[in-house]
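Coordinates in review
One-letter residues, chain by chain:
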Amino acid sequence: MISISISPNTERDDFFLAFKLLFQCFNWKRGKKEEELKSLLKEYFNISNIFLYNSGRSSLYCLLKALKLEKNDQVLLQAFTCSALVTPILWNNLNPKYVDIKDDFNIDPEDLKRKISPKTKVLIIQHTFGKPCRMEEIMEIVKENNLILIEDCAHALGAEYKGRKIGTFGDASFLSFSRDKVISSVYGGGIIVKDLKLAEKIEEQKYPSYFWIFQQLLHPLLVNFFVVPFYSFPGKYLLVFFQKIHLLSKAVTDKEKQGGKPNYFPRKMPNALASLACHQFKKIDKFYLHRKKIANFYAEKLSIDLPDEKQSYLRFPVVKFKAHEIIKKAWSQNILIGDWYTSPIAPDDANLRKMGYIKGDCPIAEEYAQKTINLPTHINISEKKAERVVSLLADS
Ligand SMILES: Cc1ncc(COP(=O)(O)O)c(C=O)c1O
């Protein structure tokens, strides 16, 4: 089975670690792993203010809160994004305003200039699929307009722009370690803050409940034992069933698609998940080299140029007419290629009005939402599997 999103980064050692942790509930909330993960990130980014939370969503929520903005202040972000980036803005009673993209799926600096108004306080940039944004142009606009710059590094841990690490350009940046990101602890994230004064305003949160932690630890186990090996039957039905009875968590809940906030956000990163994330972080170079190899394979087979810039290669985007049909056809053959993003604010059933998006706001993002598919590059994708994905595209 080929899947871009169901526990893609889990290897045997991650699986055993999750299994071991299941029996150590005394270690689930507090423990040494939180500090260890912070140290790894401090060293990696060479920035000493790191805060860990149970998701990218919690991280962005706490970061925006610390900025102490006024109600309805405007936060600019690109369309062709996920509702998980928008909801923390709404939960802070701020207004998201959308900027269109270029053909690299990242924010268009020209449209950005047009969208800035006196109400604009913050710009969030998203390095989509792990491709760095046009940082020189963006930094200039930020400076000229006195904006606060936040980098969304959910896709881009490990990427670099002209030799400088993505995540070190913004006044602050946030990371995600959720299930389908560069490294994964099923749920998890963090903030990197350059400004000490801002760092002092970032609030501590409570730990999530024991049940919530249990649910996340079960994820690699249930998914790799019962779902993935028998995906066509009964695996995919079991996945829905496990989520229905809350043994497994969903990546985005129905409530969030309407702009609502689940009660497990914002929460601090619990020790058990920090333990999974530390373990994955130590494999970041191995993951990167593998993703790059698979991305090069796709690039060669599909005759697509890869820029020299160091990307994270989280996913390999391909532009195809009738993308939605191709995705459906692949899924029907149990080849779960990626659907980032089939709507200007994904997922498809997110309420665009509640997300503050009005149809026509960002025409290029809308066009790319119709014609983008993304191919898996993760550690469990061999060249043989990548070949199957390429053949599927050739037949479409
Ligand atoms: C671009 C982008 N930003 C932010 C997030 C939020 O991260 P998390 O799932 O850890 O809350 C996601 C993931 O869902 C994402 O794709």
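Procedures and definitions
Residues numbered from 1 in each chain as written. Predicted model: local features only at pLDDT ≥ 70, side-chain atom pairs only at ≥ 80, totals over all residues. Heavy atoms only, no water. Near = heavy atom within 4 Å. Polar contact = N/O pair within 3.5 Å; in protein donor to acceptor, adjacent residues only side chain to side chain. Areas by Shrake-Rupley, 256 points an atom, 1.4 Å probe, with all protein chains shown as cover. Helix = DSSP H or I, 4+ residues; strand = E, 2+ residues; numbered from the N terminus. Buried < 20%, exposed > 50% of the residue type's maximum accessible area, 1.4 Å probe, protein only. Salt bridge = Lys/Arg side-chain N within 4 Å of Asp/Glu carboxyl O.

With that out of the way, let us pick up the site of the ligand. Close to the ligand lie 16 residues, the nearest being Gly56, Arg57, Asp152, Ser176 and Lys181. Glycine 56 is positioned such that a nitrogen or oxygen atom in its backbone is 2.7 Å from an oxygen atom of the ligand. Here arginine 57 contributes a side-chain N or O atom positioned 2.6 Å from an oxygen atom of the ligand. Contact with the protein chains removes 96% of the 390 Å² of surface that the ligand exposes when unbound.

Trans is the prevailing form of peptide bonds, just as negative phi is the prevailing case for residues other than glycine. The residue after tryptophan 340, namely tyrosine 341, is reached through a cis peptide bond having omega -15°. Topologically, tyrosine 341 is positioned in the loop between strand E13 (335-336) and strand E14 (345-346). Here alanine 346 and proline 347 are connected by a cis peptide whose omega angle stands at -5°. You can see proline 347 is positioned in the loop between E14 and helix H14 (363-371). One non-glycine residue, serine 7, lies in positive phi territory at about 50°. Following the sequence through the fold, serine 7 ends up in the loop between strand E1 (2-3) and helix H1 (12-22). Positive phi, close to 50°, is recorded for serine 303, a residue that is not glycine. Inspection of the secondary structure assignment puts serine 303 in the loop between helix H12 (284-301) and strand E12 (315-319). Classification of serine 303 by relative accessible area gives exposed; the value is 66%.

In this structure the tally under the stated criterion is 25 salt bridges. Lysine 65 is the salt-bridge partner of glutamate 203, the closest N and O atoms lying 3.1 Å from each other. One end of the pair, glutamate 203, is in the loop between helix H7 (196-201) and helix H8 (210-227); the other, lysine 65, is in helix H3 (residues 56-66), and 138 residues separate them in sequence. For lysine 65, a relative accessible area of 33% puts it in the partly exposed group. The salt bridge involving aspartate 111 is made with lysine 115; its shortest N-O contact spans 2.8 Å. A residue pair is termed a helical-turn pair when its members lie 3 or 4 positions apart in one helix, as aspartate 111 and lysine 115 do in helix H5 (residues 109-115) at four residues. Given the relative accessible area of 7%, aspartate 111 is considered buried. Among the residues examined, lysine 115 registers a relative accessible area of 15% and is labelled buried. Bridged by salt links that share partners, the residues Glu11, Asp13, Asp14, Lys283 and Lys286 form one connected network.

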